[in-house]
Amino acid sequence: MPKPYKPERHLESVLKRKQTNSVDLRLKSLLERAKEQGASRELMHSLLESAIRIKDNRFHAPRAKGPEKKLFLSKM
């Protein structure tokens, strides 16, 4: 059974940890600016939900496959 989604904990988690993903970096900067400007909780939660949807779509998108090269080990 999946854990219930808690936007407050997600917000704390995003703001605390060091981000490496480009989507997470952009989200963190948006959330920090929104917090500085005194944004409402609803706005912060909608930003988090949007980021989840963007990441889900990005990870479920089919990967573009290029020509694959086969590598053979040569005997020495």
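These remarks concern the structure in this document.

### Remarks on helix α1 (residues 7–16)
Moving on, step 1. What α1 keeps buried is the set P7, L11, V14 and L15. Seen along its axis, α1 keeps its buried residues to an arc of 95 degrees; they face one direction. Opposite the buried face of α1, by more than 90 degrees, sit the exposed residues R9 and K16.

### Examining the side chain of K28
Moving on, step 1. Position of K28 among the secondary structure elements: in helix α2 (residues 22–36).
Moving on, step 2. Within the buried set, K28 has no salt-bridge partner at all; the shortest N-O distance to an opposite charge, 4.4 Å, is to E32.
Moving on, step 3. Apart from the residues within four sequence positions on either side, K28 is in contact with V14, L15, R17 and Q19.

About the cut-offs
Residues numbered from 1 in each chain as written. Predicted model: local features only at pLDDT ≥ 70, side-chain atom pairs only at ≥ 80, totals over all residues. Heavy atoms only, no water. Buried < 20%, exposed > 50% of the residue type's maximum accessible area, 1.4 Å probe, protein only. Helix = DSSP H or I, 4+ residues; strand = E, 2+ residues; numbered from the N terminus. Arc of directions from axis to C-beta. Lys, Arg positive; Asp, Glu negative; His and termini not counted. Salt bridge = Lys/Arg side-chain N within 4 Å of Asp/Glu carboxyl O. Contact = heavy atoms within 4.5 Å.

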